[in-house]
Amino acid sequence: MTHRFLISLLLLGCNVQLALAEPFSAEHLVRLDRVGAPAVSPDGSQVVFTLRKTDMDAGKGRYDLWLTATDGAEARPLTTHAANDTDAAWSADGKFVYFVSSRSGSSQVWRIALDGGEATQVTDLPLDVGSYRLSGDGKLLVVSLQTYPDCEDIDCTVKRNEELEEAQTTGVAYDQLFMRHWDHWLTDKRSRLFAMPLEDGVANGSDAVLVSKDVDADVPSRVWGGNEEYAVSADGSTVYFAARVRDSKEPTSTNFDIYAAPANGKGQTVNLTKANLAWDTQPVLSPDGRSLAYLAMRRPGFEADRFRVMLRDLATGNTRELAAEWDRSPSSLTFSHDGTAIYANAQDVGNRTLWHIDLDSGAMVKLVAEGSVSAVDTSPEGVVFARNDLKSPTELYVLASGDSEPRQLTDFSGPQLDGVAMGDYEQFSFSGANNETVYGWVVKPAGFKKGRKYPIAFLIHGGPQGSFSNSFHYRWNPQTYAGQGFAAVFIDFHGSTGYGQEFTDSISGDWGGAPLIDLQLGLKAAVEKYDFLDGDKACALGASYGGFMVNWIAGNWPERFDCLVNHDGVFDQRMMYYATEELWFPEWENGGPHFLKPENYEQHNPVNHVDRWQTPMLVIHGELDYRVPVTQGIGAFTALQRKGIPSRFLYFPDENHWVLKPQNSVQWHNEVNGWLHRYLD
């Protein structure tokens, strides 16, 4: 048997396997198990993490805790309960895992022993626990609770809640903005920190002390703030937290400060970053408790400014910036186990990378260069982190000290995707606006065959200071289009993150300028570079700013695409300003409020170019989207219908800026895919 014949048989086998493979779909996407952030045991031998499984019948995810060993032993479930178990943390001695669970009927802190037995309840409070942290010595528990600002104890809020339930009125009066935020209307309550001692693993709610009483703020912050925004000293004496004062300036402010408060509620709360009027957040204590690391921006009002790594000596107050010349914006910080370095992850040229920063020299080493690192914890032997990429959902990895390559710890998605075809991907670059280098990605269709031409799903990311990047997305996943037989192309246009702060800054005040040029040149470059792309068959899709760009393309590049998909996109900049909630964003992007700078809002306003609209468009919007209110989508659909342009409006009464419910996600994908097939097949 010749080598040539053997090779032919192998190639035939590969082709048969590809032919039998099932293309990746929205159903696969929503059913995938999702691995959460790792928490490493004190001795570094074990890792506990949250695993989310989709309950399609209930229309939501279910969360349990799982345990795996860093030596590669098979992962096993630590909790198996009908309730959600999340937010794991280790006891100081490594014998227990603490977590938040709703198994008692409300959200409380629980713990479970590693040597077996049932979980036991740690808190039994009349209010839901939002988040928690343990002191290093394991003797103090700090929790966040929703209470009224004039209540210094828990019972006061409970009594007030009971009085409101008995009232017959439903009207709510507001005296300042932030009446609603993201997807809910705000109340008079604040998320505030309470500390209570632990005795034999149990906290007595009657001993709870209000820690953040001197700052009228939500701690953690709305909407996604968690316990990464506060830290507890090892001896339990001090709580450090980030907060933005909740006053009439809050809707226009990004001024978070870091405070130090006595855990016993006695003494003075000190603002450690008062001099900086921009964003300070994520306080992290060094292992020896002598230093506090945190992230800090410099420009007030700009939410996409570069986060800098700051290190404060808690004894002297001296503060210095680490890696000051590093032109990247880290999203999280973690001290090494010996306290000599910091691990930081940051977007970098289309990837979310992991870095090691030496505290003494400031020297930096990129540990993980490709994919998307999303969570990090350290051990005596190295670092454990979560990672994904354009073909692989999140799994946990360990990188031992001295090793150059990480080792995979978990593999939940592998068996689930066995026999499922994914599209290969590649990054490319081209000369974009201002002759500057711009990067993009192309994902081949599943079951790709050389010599064939494939229609293009041209994806446009939101933010606008963001990036689709080399990551596995659970809403806008290019593989769902690859599974439909489309090639996905997406560009990190001017304004995208991970290419230096100057590049990110460039989009402010220029929403429809350089970014549109980049998209035009990027699509042209991709079609010229990849002969499998059918440049004559393309649809553009985007959400949020991407939806704005779809509306902008409809009037400023109207002849290029066969169809458009606009999810939660800005249609009228004028009314967008007066109806959205986080006003610091449009005011920074447009140089001030609309009534002072109307010309800036009109310069890149899609509504002013409706006369040129001609491309069929699918418009999608959620009723609970208060960032880009639903009337923006209705306005776009009205324009399309009145002009007689083929159009469709997909409305979700129970979704916000995102589509989160599994069945709704499948419906979303079916509608979008149907729209693309209608115009590209």
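Draft legend 1. The arrangement of the side chain of N276 in detail. Within the secondary structure, N276 sits in the loop between β21 (270–271) and β22 (280–285). Assessed through its relative accessible area of 19%, N276 is described here as buried. A polar contact of 3.3 Å, which involves the side chain of N276, links it to the backbone nitrogen of A278.

Draft legend 2. Region of interest: the environment of H181. Inspection of the secondary structure puts H181 in strand β13 (residues 180–181). Assessed through its relative accessible area of 0%, H181 is described here as buried. Along the sequence, H181 and R222 sit 41 residues apart, while their C-alpha atoms lie 8.1 Å from each other. A distance of 3.0 Å separates a polar atom in the side chain of H181 from a polar atom in the side chain of R222.

Draft legend 3. Geometry of helix α8 (residues 545–556). Between its first and last C-alpha, α8 extends 16 Å over twelve residues, near the 16 Å set by a 1.5 Å rise per residue. Here α8 lies mainly inside the structure; eleven of its twelve residues are buried. Listed as buried for α8 are Y545, G546, G547, F548, M549, V550, N551, W552, I553, A554 and G555.

Draft legend 4. Broad picture of the sheet that holds strand β41 (residues 617–622). Judged by pairing direction, the sheet is mixed, and its eight strands sit side by side in the order β35-β36-β38-β37-β39-β40-β41-β42 without closing on themselves. Both edges of this open sheet fall to β35 (425–431) and β42 (647–652), since each of them pairs with a single strand only. Taking each pair of neighbouring strands and ignoring which way they run, the sheet shows an average axis angle of 20 degrees. Note that strand β40 (residues 563–567) and β41 share four bridges and pair parallel. Residue pairing for β41: V565 is matched across the bridge by L618. The strands touched by helix α7 (residues 514–529) are β35, β36 (437–443), β37 (454–460), β38 (487–492) and β39 (533–543); relative to β35, the strand with the most contacts, the crossing angle is about 120 degrees.

Draft legend 5. Looking closely at helix α3 (residues 154–166). Here α3 is 13 residues long and its end C-alpha atoms lie 19 Å apart, about the 18 Å a rise of 1.5 Å per residue gives. Within α3, the full set of buried residues consists of I154, T157, V158 and N161. On an axial view of α3, the arc spanned by its buried residues comes to 100 degrees, and they lie on one face. Away from its buried face by more than 90 degrees, α3 exposes D155, K159 and E166. If you follow the buried residues of α3, they end up packed against β12 (140–147) and β15 (190–199). Its side-chain oxygen placed 3.3 Å from the backbone nitrogen of D155, D153 serves as the N-cap of α3.

Draft legend 6. Geometry of a negative patch on the surface. Negative charge collects at one region of the surface, where E162, E163, E165 and E166 lie side by side. In this structure, E165 sits in helix α3. Judged by its relative accessible area of 69%, E165 falls in the exposed class.

Draft legend 7. Structural context of the nonpolar core. Ranked by size, the top nonpolar core spans 52 residues in total, and within it F458, I460, V489, L533, M549, F561 and W613 carry the most contacts. Ranked by residue count, the leading element in this core is α8, at seven residues. Once residues lying within four places of it in the same chain are set aside, the contact partners of F561 are F458, L523, A538, C539, A540, I553 and T615. Grouped together as the second largest cluster of nonpolar side chains are 27 residues, L390, A457, F468 and F652 included.

Draft legend 8. Quick peek at the state of the cysteines. According to the stated counting rule, one finds two disulfides in the structure shown. One disulfide in the model links C539 with C563; its S-S distance is 1.8 Å. Its S-S torsion of about 115 degrees marks the bond between C539 and C563 as right-handed, since a negative value means left-handed. With C539 in strand β39 and C563 in strand β40, this pair connects stretches of sequence that are 24 residues apart. Here the cysteine-cysteine linkages of the chain are recorded as 1-2, 3-4, numbering only bonded cysteines and doing so in sequence order.

Draft legend 9. Structural context of the sheet that holds strand β23 (residues 291–296). Here four strands make up an open sheet; going across it, the order is β22-β23-β24-β25 and the pairing antiparallel. In the strand order of this sheet, the two ends are held by β22 and β25 (319–322), each with one partner. Neighbouring strand axes in the sheet, compared pairwise and without regard to direction, differ in orientation by 30 degrees on average. Bridge count between β23 and strand β24 (residues 308–313): six bridges; the pairing is antiparallel.

Draft legend 10. Region of interest: the packing of aromatic side chains. Across all of its chains, the model carries 41 aromatic pairs by this definition. With a centroid separation of 5.1 Å and an interplanar angle of 75 degrees, the aromatic rings of W476 and W668 are classed as edge-to-face. Separated by 192 residues along the polypeptide, W476 in the loop between β37 and α5 (478–482) and W668 in helix α13 (residues 662–680) bring together distant segments of the chain. W476 sits in the buried class, given a relative accessible area of 8%. On the numbers, 5.9 Å between centres and 45 degrees between planes, the contact of W511 with F585 is tilted.

Draft legend 11. Region of interest: the environment of A234. Looking at where A234 falls in the secondary structure, it is placed in the loop between β18 (230–232) and β19 (238–243). Once the C-alpha coordinates of A234 and G138 are considered, the two residues, 96 residues apart in sequence, prove to be 8.3 Å apart. If we ignore the near neighbours within four places in the chain, the residues touching A234 are S135, G136 and D137.

Draft legend 12. Fine view of the pairing of strand β8 (residues 96–101). Burial runs high along β8: five of the six residues are buried. Note: strand β7 (residues 85–90) against β8, four bridges, orientation antiparallel. Across the sheet, the residue bridging to D85 is S101, located in β8. With six bridges joining them, β8 and strand β9 (residues 108–113) adopt antiparallel strand pairing. Within β9, the residue paired with V97 across the bridge is I112.

Draft legend 13. Fine view of a nonpolar patch on the surface. Taken together, the side chains of M575, Y578, F595 and L596 make up a nonpolar region of the molecular surface, amounting to roughly 460 Å² of accessible area. Tracing the backbone shows Y578 in helix α9 (residues 573–579).

Draft legend 14. Region of the structure containing the pattern of salt bridges. All told, the structure shown has 25 salt bridges when counted by the stated rule. Linking K391 and D424 is a salt bridge whose minimum nitrogen-to-oxygen distance equals 2.7 Å. Here K391 is found in the loop between β31 (382–388) and β32 (395–400), whereas its partner D424 is found in the loop between β34 (420–421) and β35, with 33 residues between them in sequence. Residue D424 is classed as partly exposed on the basis of its relative accessible area of 43%. Between E581 and R627 there is a salt bridge, with its nearest N and O atoms 2.7 Å apart. Taken together, the residues E581 in the loop between α9 and α10 (584–590) and R627 in the loop between β41 and α12 (630–642) connect sequence positions 46 residues apart. Through salt bridges with shared partners, one network takes in D218, R222, R244, R246 and E250.

Calculation notes
- Residues numbered from 1 in each chain as written.
- Predicted model: local features only at pLDDT ≥ 70, side-chain atom pairs only at ≥ 80, totals over all residues.
- Heavy atoms only, no water.
- Helix = DSSP H or I, 4+ residues; strand = E, 2+ residues; numbered from the N terminus.
- Buried < 20%, exposed > 50% of the residue type's maximum accessible area, 1.4 Å probe, protein only.
- Polar contact = N/O pair within 3.5 Å; in protein donor to acceptor, adjacent residues only side chain to side chain.
- Expected span 1.5 Å × (residues − 1).
- Pairing = 2+ DSSP bridges.
- Axes fitted to C-alpha atoms, helices over the stretch in contact; angles between N-to-C directions.
- Contact = heavy atoms within 4.5 Å.
- Arc of directions from axis to C-beta.
- Patch = residues over 30% accessible without salt bridge, like charges linked within 9 Å, V, L, I, M, F, W, Y side chains within 5 Å.
- Areas by Shrake-Rupley, 256 points an atom, 1.4 Å probe, with all protein chains shown as cover.
- Salt bridge = Lys/Arg side-chain N within 4 Å of Asp/Glu carboxyl O.
- Lys, Arg positive; Asp, Glu negative; His and termini not counted.
- Charge placed at Lys NZ, Arg CZ, Asp CG, Glu CD.
- Core = buried A, V, L, I, M, F, W, Y, C linked by side-chain atoms within 4.5 Å.
- Disulfide = S-S within 2.5 Å.
- Phe/Tyr/Trp six-rings, centres within 6.5 Å; stacked < 30°, edge-to-face > 60°.

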